[in-house]
Amino acid sequence: MNRMQQSVESTQAIAESDAIAVERTLAGDRDAYRVLVERHSHNVFRLAYRMTGNRHDAEEVVQEAFLRGYQKLGQFAARSNFGTWVYRIAANYAIDRMRQRQKEEARREAPRAEDRDGMENDPLNRVPDGAPTPERLTQSIELRKQMEQALAALSDAERTAFVMRHWEGCGIEEIAGVLKSSSNATKNTVFRAVQKLRRALQPVVETRAQARAMGTES
Amino acid sequence: MKHMTEEELIAYREEVAEQRTAISGHLAVCEECRGELERIEAVLAALDTLPVPDPGANYGRQVWREIAPRLPEKPGRWWQVWMEPRRLTAAGVIVALIVAAFVAGRITKRGNAGDNIANKEQVRERVLVVAVGEHLGHSERMLVELSNAEPSDPAQKQVNISAEQRRAEDLLQENRLYRQTALEEGDAGLASVLDELERVLLDVAHSPEVVTPAQLEAIQKKIAGRGILFKVRVVNKELQQRQEAREPAPAQNDSTKRARNKV
């Protein structure tokens, strides 16, 4: 059996097992919902972190998504994939959270982009101990900062579309559902997001590539 | 040769292009478009290096521990959505505001329309100020207790902070509600302090129930390092002052006016 077949079968097995857990939860077995929460929390966290850009908000999104999922579980019964469904709830809530955050930040004096995630996400902490040179370290930090700024400069819809399509591999219809938009408009949103990211990042990416080619970066 | 547009290349790269075969065919023979696609891919590849923090192997369990106490007995009938404690609290606040605004309206009904609106706003804000003040007081007490906690016996290897942890979990829910309300009210300063308080509450709620003295010290340092106790006290004081400043001046009601007229 090849790896792709195994992967498809394991996805089907999870979906079937999810469906059973949903049925049991609806029948009043709360522990069955625990299985769903424990199984899907990591994936939802990854989506939430990429959308909100910080751990604090991502954790809130994850909790809220599962709470709302439980409350709306009766509406889910006819659907087939719990993972996709709770993902969608999380994406919707993340959009609300991003909007709230933007309002908060617009009112604050100091920009928060640089201290978004405290020490745990300090670029210095993420560089392996054996990082080759101080220049490379500086460039990596600078590039990361610029990438975060470029992502933060996208509109909510653009960021959602990009995260869901590029990083999470969601289908256009699914993203369109979250954005409450048509498929064509969603495709355009993905395009606009990539285009804006490219405008912001291509110069710095090319400079880095040139430096590497010339051997000024180890 | 007609080249591919940037939109077509991005759609191709993100696998949302309708004419994939035609674009593939073109790319096979057009060096310029291949170069353009490579430049797009280089940017996307750089973005792929952005890390996502690992929430830890026990994250699923942790999420369950956070939400389990907040789940209703049974899931999802439509009317149960409205019976959720958070919504009931919000509904309670709204009802209280409406009643308070109505009463205020009755008391000040002889004023002009502008005055009535201003009074309703004041009453609404006063209710928020009182509720948030109380919440900040509870949070401050919990944080003070946690900051002063220490092992009863120096030889004790573990300290139980489960009580503070549970209180932090409860306060977290209230805090979110008040932060959102403060934002809606346009009170950015209050929303900002509530946001910082939320992070501290989240840290405490996520701590283990039983900690070593070293872990306890780390939690206490975190609380002290963020200066949250000071901020909470300052905001609470400001709220009290705001409330006092808005208290209506004495001897301005109808009966005193009547009494004054008699003289």
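A quick note: this is a predicted structure, and the numbers were derived from the prediction, not measured.

Asker: Where do I start with the overall build of chain B in this structure?
Answerer: Looking only at helices and strands, chain B features 11 helices and 2 strands. Going from the N terminus to the C terminus, chain B shows its helices and strands as α-α-α-α-α-α-β-α-α-β-α-α-α. Across the 263 residues in chain B, those meeting the buried criterion constitute 20%. Sequence-distant contacts in chain B: of pairs separated by 6 or more residues, those separated by 24 or more amount to 67%.

Asker: Any chance you could explain the overall build of chain A here in plain terms?
Answerer: Counting its regular elements, chain A contains 10 helices and 0 strands. The order of α-helices and β-strands along chain A, N terminus first, is α-α-α-α-α-α-α-α-α-α. Sequence-distant contacts in chain A: of pairs separated by 6 or more residues, those separated by 24 or more amount to 65%.

Asker: How should the nonpolar core be read in this particular structure?
Answerer: Considering soluble globular proteins, one finds that nonpolar side chains tend to be buried as a cluster. All names here are of chain A. Judged by nonpolar contacts, the single largest core of 64 residues is most densely connected at Ala48, Val62 and Ala90. The element best represented in this core is helix 5 (residues 82-107), accounting for 11 residues. Structurally, this core is a two-domain feature, drawing no fewer than three residues from each of domain 1 (13-108) and domain 2 (133-217). Excluding anything up to four places from it in sequence, alanine 90 contacts Val44, Leu47, Ala48, Val61, Val62 and Ala65.

Asker: Could you clarify how one ought to interpret the confidence of the model for chain A in this entry?
Answerer: Model confidence for chain A is summarised by a mean pLDDT of 81, while 76% of its residues fall at 70 or above. Confidence over residues 111-131 of chain A falls short of pLDDT 50; this stretch has 21 contacts with residues more than four positions distant or in other chains.

Asker: Explanation requested: unusual backbone geometry in the structure shown.
Answerer: Peptide bonds are trans in most cases, and residues, glycine excluded, mostly fall at negative phi. Of note, the phi angle at Lys180(A) is positive, near 55 degrees, even though the residue is not glycine. Looking at the element boundaries, Lys180(A) is found in the loop between helix 9 (172-179) and helix 10 (183-214). Lys180(A) sits in the exposed class, given 11 other C-beta atoms within 10 Å. Residue Glu15(B) is not a glycine yet carries a positive backbone phi of 60 degrees. Residue placement: Glu15(B) occurs in the loop between helix 1 (6-13) and helix 2 (20-29). For Glu15(B), a count of 12 C-beta atoms within 10 Å translates into the label exposed.

Asker: What's the story with the interface of chain B and chain A in this structure? I'm lost.
Answerer: Interfaces are frequently sized by the accessible area removed from exposure as the parts join. Between chain B and chain A, the contact holds 42 residues from the first and 52 residues from the second. Within the residue set of the side of chain B that touches chain A, elements represented by two or more residues are helix 1, helix 3 (31-47), helix 4 (59-67) and helix 8 (188-206) of chain B. Looking at the side of chain B that touches chain A, its residues break down into 26 nonpolar, 4 polar and 12 charged.

Asker: Would you mind going over helix 1 of chain B with me for this structure?
Answerer: Side chains that are three or four residues apart share a direction in an α-helix, a result of its 3.6 residues per turn. Those residues of helix 1 of chain B that fall on the buried side of the exposure criterion are Leu9(B), Ile10(B), Ala11(B) and Tyr12(B). Taken together, the buried residues of helix 1 of chain B touch helix 10 of chain A together with helix 2 and helix 3 of chain B. Phi for Glu15(B), located one or two positions after helix 1 of chain B, is positive at around 60 degrees.

Asker: Explain the packing of helix 1 of chain B against helix 3 of chain B here, please?
Answerer: In a pair of packed helices, the angle between the axes and the distance between the axes together describe the arrangement. Residue and element names in this part refer to chain B. Two elements in contact, helix 1 and helix 3, have axes whose closest approach is 10 Å; the angle formed by their N-to-C orientations is 55 degrees. By the angle class used here, helix 1 and helix 3 are oblique. The chirality of how helix 1 crosses helix 3 is right-handed. Contacts between helix 1 and helix 3 pair Leu9, Ile10 and Arg13 from the former with Cys33, Glu36, Leu37, Ile40, Glu41 and Leu44 from the latter.

Asker: Explain the confidence of the model for chain B to me, please; I cannot follow it from the model alone.
Answerer: Caution is warranted with low-pLDDT regions, since their predicted coordinates should not be read in detail. All names here are of chain B. In the predicted model, chain B carries a mean pLDDT of 78, and the fraction of residues at 70 or more is 78%. Per-element averaging of pLDDT across chain B places helix 11 (residues 254-262) at the bottom with 42 and helix 4 at the top with 95. Prediction confidence for the complex, expressed as pTM and ipTM, is 0.57 and 0.77 respectively.

Asker: Got a minute to help me understand the packing of helix 8 (residues 156-167) of chain A against helix 10 of chain A in this structure?
Answerer: All names here are of chain A. Contact pair helix 8 / helix 10: the axes reach a minimum separation of 8 Å and the direction vectors enclose 95 degrees. As the angle between them shows, helix 8 and helix 10 are arranged roughly perpendicular. Here Ala157, Glu158, Arg159, Ala161, Phe162 and Arg165 of helix 8 come into contact with helix 10, specifically with Thr186, Thr189, Val190, Arg192, Ala193, Val194 and Lys196.

Basis of the calculations
- Just so you know, the residues in each chain are numbered from 1, in the order the chain's sequence is written.
- Naming scheme: in the order in which they are written, chains are lettered from A and ligands are numbered from 1.
- A pLDDT threshold of at least 70 governs which residues receive local features in this predicted model, and a stricter bar of 80 or more applies before side-chain atom pairs are shown or counted, although totals over entire chains, interfaces and linings include all residues.
- A helix here means a DSSP run of H or I that spans at least four residues, while a strand means a run of E at least two residues long, and both kinds are numbered starting from the N terminus.
- In this scheme every C-beta is placed from the backbone, and a residue whose C-beta has 20 or more other C-beta atoms within 10 Å is buried, one with 12 or fewer is exposed, and one in between is partly exposed.
- By the convention adopted here, residues make contact when the C-beta atoms placed from their backbones lie within 7 Å.
- In this usage, the nonpolar core is the set of buried Ala, Val, Leu, Ile, Met, Phe, Trp, Tyr and Cys residues whose C-beta atoms join them within 7 Å.
- Where each domain begins and ends is defined by an automated method or by a domain database.
- On a scale of 0 to 100, pLDDT captures the predictor's confidence in every residue.
- Amino acid classes used here: Ala, Val, Leu, Ile, Met, Phe, Trp, Tyr, Cys and Pro are nonpolar; Asp, Glu, Lys and Arg are charged; the rest, including Gly, are polar.
- All axes are obtained by fitting lines to C-alpha atoms, using only the stretch in contact for helices, and the reported angles, taken between N-to-C directions, cover 0 to 180 degrees.
- Roughly parallel here means an angle under 35 degrees, roughly antiparallel means over 145, roughly perpendicular means 65 to 115, and every remaining angle is called oblique.
- If you view the pair so one helix is near and one far, a crossing is left-handed when the near helix is turned anticlockwise from the far one by less than a right angle, and right-handed when it is turned clockwise.

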